[in-house]
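Chain and residue survey
This is what each chain is made of:
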Amino acid sequence: MQKTKVALVGMGTVGTGVAKLLLDHGDRTARHAGCILWLEQVVVSEVAKHRDVELPKGLLSSDLTRITGDPNIKVVAHLVGGVEPARTIMLKLLESGKDVVTANKALLAEHGPEIFDRARELGRSIAFDACVAGGIPIITNISQCFSANQILSLQGILNGTTNFLVSQMEELGASYADALKEAQRLGYAEADPTMDVSGADAAQKLAILAHLAFGARVHWKEIPCEGVEKLDAADIRYARELGYRIKLIAAANLHDSGLELHVSPTLVRIGKPLAEVRQAYNAISVVGDAVGPVFFHGLGAGQMPTASAVVADMIDTAVGRTQITFRTLELWSQREALVSLLDHGELSGRYYLRFTVEDKPGVLAEIAGVLGRHSISIASLIQHEPSGDDGARVVPLVVMTYHAREGAAAVAVAEIDRLKVVKAASVRMRVLD
Ligand code: NDP
Ligand code: HSE
């Protein structure tokens, strides 16, 4: 059987999984590619580091020219994280005639237009299914399988680390810090885990999906984004009491007037499939005007699920499928945006609010008054009696609202936080019923 020579740049969590699949399951990849994907070179940063995979002698180096200088290497998996030197490495690979597969969404979200233009100029291709939702083939589905549809909405859990973290807090009562450490140990988190917990990683993925599904030309930093850094175990408990679970939801909804995009911790009603997504799993609920609702669920981070997506892209590239779709999709081209972003303040939603207030007469009336003045109607309310006899006169007051304008909810909560009877910053989260 013919050999197609391939290489890896980066052999950390994901690259190790890719090397394992190529070396241990060459028969499987050959069956699908019609040729052997022959691992010719692996380039990393520190050659001396311990590796969890045994490579044939002479494969490993820190010299990129061993790939760029070898015209027989056709396909390269680019598995270095962050923006630099990942961007420079990507450009060098394209300029030396390689078709590239990448898992680096931060790079595409930051420099997609430059990199895709350069690939097109050079007649090269880039495959990137591993960039969003790890093992779930969402990029291929959105860009190819649903191409007869106008996508109407996407609601997703796109970050495995934060879903793992919230699940550990909810199910095991783990502390935020311990749960994050465990996610890092398991290889889910980015090199800089702030990208995960701040929601930035999910926003980068949402920007890529919005580009593919709606023709939006949005930089991820334009997407209103909140992470889970301030998530309090008390909110997880109140959410449960109200019949919800808290999830970091990345949402895109198409309206007649434009596209709604945001990433935020959200109370998802128990019983909705998204509420049942646990641990490092990701899920995406898509609605297309022809296909209707479709739900994807799978591991969104980790070595083998991500490697599964990378190797599938390497096979598609070796076969020549990627090159065809890459040409026709015109990704990140200079084409005009097909849709504009809606003003965030004008969006409508239901909200969960938690106020920390003095336990004395008139407080509830004061808070309800502010909400009422901003046309925010209360749907339900919880206030438990203070526990124990510690004389604590500060209690949490939890409010679920009916639909309200985002802008009005933000202004009302800011106004309530200035009241004398309010003793700590209030919490406001979206609700998904
Ligand atoms: P790791 O940090 O585990 O691995 C990064 C690799 O890049 C290492 O092998 C490192 O070398 C190598 N590297 C760094 N700088 C250079 C350089 N200048 N030249 C050559 N090699 C270099 O990252 P992951 O495997 O976790 O992630 C890789 C990419 O995949 C990231 O973009 C990430 O966002 C994405 N991703 C990760 C997922 C996951 O679950 N981990 C899931 C989906 C996507 P060395 O080993 O010597 O340090
Ligand atoms: N850090 C990312 C996550 C990896 O936790 O989802 C997958 O993109």
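Quick caveat, the model's predicted, so the values are computed rather than measured.

1. Comments concerning the overall build of the protein chain
Per the secondary structure count, the protein chain includes 15 helices and 16 strands. Scaling as 2.2 N^0.38, a compact globule of 433 residues should have a C-alpha radius of gyration of about 22 Å, and the protein chain matches this with 24 Å. Referenced to the eigenvectors of the C-alpha coordinate spread, the extents of the protein chain come out at roughly 80 × 45 × 35 Å. When the 433 residues of the protein chain are sorted by exposure, 54% land in the buried category. A fraction of 73% describes how many contacts in the protein chain between residues 6 or more apart in sequence connect residues 24 or more apart. Summed over all atoms, the accessible surface of the protein chain reaches about 18600 Å², with 51% contributed by carbon and sulfur. Taking the average place of the 44 positive charges on the side chains of the protein chain and the average place of its 50 negative ones, the gap between the two points comes to 3 Å.

2. As for the sheet that holds strand β3 (residues 60-61)
The strand order across the open sheet formed by six strands is β3-β2-β1-β4-β5-β6, and the pairing between neighbours is parallel. The sheet is open, and its two borders are formed by β3 and β6 (126-127), each paired with just one other strand. Of the pairings in the sheet, the one linking strand β5 (residues 99-102) to β6 comprises two bridges and is parallel in character. Bridging across to β6, valine 100 finds its partner in isoleucine 126.

3. Focus on the packing of aromatic side chains
Each pair of aromatic rings is reported with the distance of its centres and the angle of its planes. Counted under the stated rule, the structure contains four aromatic pairs. With a centroid separation of 5.5 Å and 65° between ring planes, the pair formed by phenylalanine 164 and tyrosine 188 is classed as edge-to-face. One end of the pair, phenylalanine 164, is in helix α7 (residues 160-172); the other, tyrosine 188, is in the loop between α8 (176-185) and α9 (194-197), with 24 residues separating them in the sequence. The exposure classification of phenylalanine 164 matches that of tyrosine 188, with both residues buried. Taken together, Phe116, Phe128 and Phe326 form an aromatic cluster joined through their ring pairs. We note lysine 3 situated over the ring of tryptophan 38; from NZ or CZ to the ring centre the distance is 3.9 Å.

4. Looking at the site of ligand 1
Around ligand 1, 26 residues are found, and the nearest of them are Glu46, Lys49, Arg51, Glu190 and Gly302. In the model, an oxygen atom of ligand 1 is placed 3.0 Å from a nitrogen or oxygen of the glycine 12 main chain. Glycine 187 is positioned such that a nitrogen or oxygen atom in its backbone is 3.0 Å from a nitrogen atom of ligand 1. Computed on the free molecule, ligand 1 has an accessible area of 900 Å², of which 82% lies beneath the protein chains in the complex. Residue composition of the shell around ligand 1, grouped by class: twelve nonpolar, nine polar and five charged.

5. Some remarks on the packing of α7 against helix α11 (residues 233-242)
The contact between α7 and α11 brings their axes to 10 Å, and the two run at 70°. Classified by the angle between their axes, α7 and α11 sit roughly perpendicular to one another. Between α7 and α11, the contacting residues are Val166, Met169 and Glu170 on the first element and Ala233, Ile236 and Arg240 on the second. Its residues assigned to classes, the contact of α7 with α11 shows four nonpolar, no polar and two charged.

6. A short note on the pattern of salt bridges
One pass over the full model with this rule turns up 28 salt bridges. As a salt-bridge pair, lysine 105 and aspartate 201 come within 3.1 Å of each other at their nearest N and O atoms. Of this pair, lysine 105 sits in helix α5 (residues 105-122) while aspartate 201 is found in helix α10 (residues 200-214), placing the two residues 96 residues apart along the sequence. For the pair lysine 105 and aspartate 201, one class covers both residues: buried. Of the charged contacts in the structure, one is a salt bridge between arginine 240 and glutamate 170, with a shortest N-O distance of 2.7 Å. Of this pair, arginine 240 sits in helix α11 while glutamate 170 sits in helix α7, and the two are 70 residues apart along the sequence. On the accessibility criterion, arginine 240 (41% relative accessible area) is partly exposed. Overall, glutamate 170 belongs to the buried group, its relative accessible area being 16%. Connected through shared salt-bridge partners, Glu170, Glu171, Arg240, Arg245, Glu276 and Arg278 make up one network.

7. Quick look at helix α1 (residues 13-24)
Across its twelve residues, α1 extends 17 Å between first and last C-alpha, which sits within 8% of the 16 Å expected from 1.5 Å per residue. Within α1, the full set of buried residues consists of Val14, Gly15, Thr16, Gly17, Val18, Ala19, Leu21 and Leu22. In the core, the buried residues of α1 are packed alongside β1 (3-9), α2 (26-33), β2 (36-43) and α12 (303-319).

8. A word on the pairing of strand β10 (residues 281-288)
Strand direction decides the pairing type here: strand β7 (residues 151-157) and β10, joined by six bridges, are antiparallel. The partner of isoleucine 157 across the bridge, within β10, is alanine 283. In terms of strand pairing, β10 meets strand β11 (residues 292-299) through eight bridges, oriented antiparallel. Across the sheet, alanine 283 pairs through a bridge with histidine 297, a residue of β11. The hairpin formed by β10 and β11 contains three residues between the paired strands.

Rules of the game
- Residues numbered from 1 in each chain as written.
- Chains lettered and ligands numbered in written order.
- Predicted model: local features only at pLDDT ≥ 70, side-chain atom pairs only at ≥ 80, totals over all residues.
- Heavy atoms only, no water.
- Helix = DSSP H or I, 4+ residues; strand = E, 2+ residues; numbered from the N terminus.
- Rg over C-alpha atoms; globule rule 2.2 N^0.38 Å.
- Buried < 20%, exposed > 50% of the residue type's maximum accessible area, 1.4 Å probe, protein only.
- Contact = heavy atoms within 4.5 Å.
- Areas by Shrake-Rupley, 256 points an atom, 1.4 Å probe, with all protein chains shown as cover.
- Lys, Arg positive; Asp, Glu negative; His and termini not counted.
- Charge placed at Lys NZ, Arg CZ, Asp CG, Glu CD.
- Pairing = 2+ DSSP bridges.
- Phe/Tyr/Trp six-rings, centres within 6.5 Å; stacked < 30°, edge-to-face > 60°.
- Lys NZ or Arg CZ within 6 Å of the ring centre and 35° of its normal.
- Near = heavy atom within 4 Å.
- Polar contact = N/O pair within 3.5 Å; in protein donor to acceptor, adjacent residues only side chain to side chain.
- Nonpolar A, V, L, I, M, F, W, Y, C, P; charged D, E, K, R; others polar.
- Axes fitted to C-alpha atoms, helices over the stretch in contact; angles between N-to-C directions.
- Parallel < 35°, antiparallel > 145°, perpendicular 65-115°, else oblique.
- Salt bridge = Lys/Arg side-chain N within 4 Å of Asp/Glu carboxyl O.
- Expected span 1.5 Å × (residues − 1).

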